[in-house]
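# Fold and contact review
Here's the letter readout for the chains.
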Amino acid sequence: MRAFFVQIKCELGKSYEVATAIADAEIASEIYSTAGGYDLLVKFYLDEKEDVGHFVAQKIQSIPGIRDTYTLITFKAF
C-alpha cells in the first residue's frame, strides 16, 4: 500500500460537511482540520497498482463543498 496526503480547500463554512462526507465514504485513513491555506489534511492509502490522480479526481474532487486540492505523494515512512 502507498500512502499519500491531500490538502483540501473547502467552500466557506463547508469544511465539516466535507470531512464528514470523506469519513462516511470510508476512503481515508485519517482526516485533520488545519489552519492556513487549506482547511483539511487527509491521509489515504492505495494499492501500488491504483492511479492516485484518478482516485483524487473521482473520489475526492467530486465531493460537494471542495474548492481546491493539493496532493502530496509520499516515498518512504521513517
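Preceding this paragraph is the structure being described.
Report follows, based on the coordinates. Only a predicted model underlies this, so the values are computations on that prediction, with no experimental measurement involved.

Helix and strand counts for the chain come out as two helices and four strands. Secondary structure of the chain in N-to-C order comes out as β-α-β-β-α-β. Relative to its length of 78 residues, the chain is compact, with a C-alpha radius of gyration of 12 Å against a globular reference of 12 Å. A principal-axis box enclosing the C-alpha atoms of the chain has dimensions of 35 × 25 × 20 Å. Within the span of the chain, comprising 78 residues, buried residues form 28% of the whole. For the chain, restricting intrachain contacts to residue pairs at least 6 apart in sequence, the fraction spanning at least 24 positions comes to 68%.

Thresholds applied
- Residues numbered from 1 in each chain as written.
- Predicted model: local features only at pLDDT ≥ 70, side-chain atom pairs only at ≥ 80, totals over all residues.
- Heavy atoms only, no water.
- Helix = DSSP H or I, 4+ residues; strand = E, 2+ residues; numbered from the N terminus.
- Rg over C-alpha atoms; globule rule 2.2 N^0.38 Å.
- Buried < 20%, exposed > 50% of the residue type's maximum accessible area, 1.4 Å probe, protein only.
- Contact = heavy atoms within 4.5 Å.

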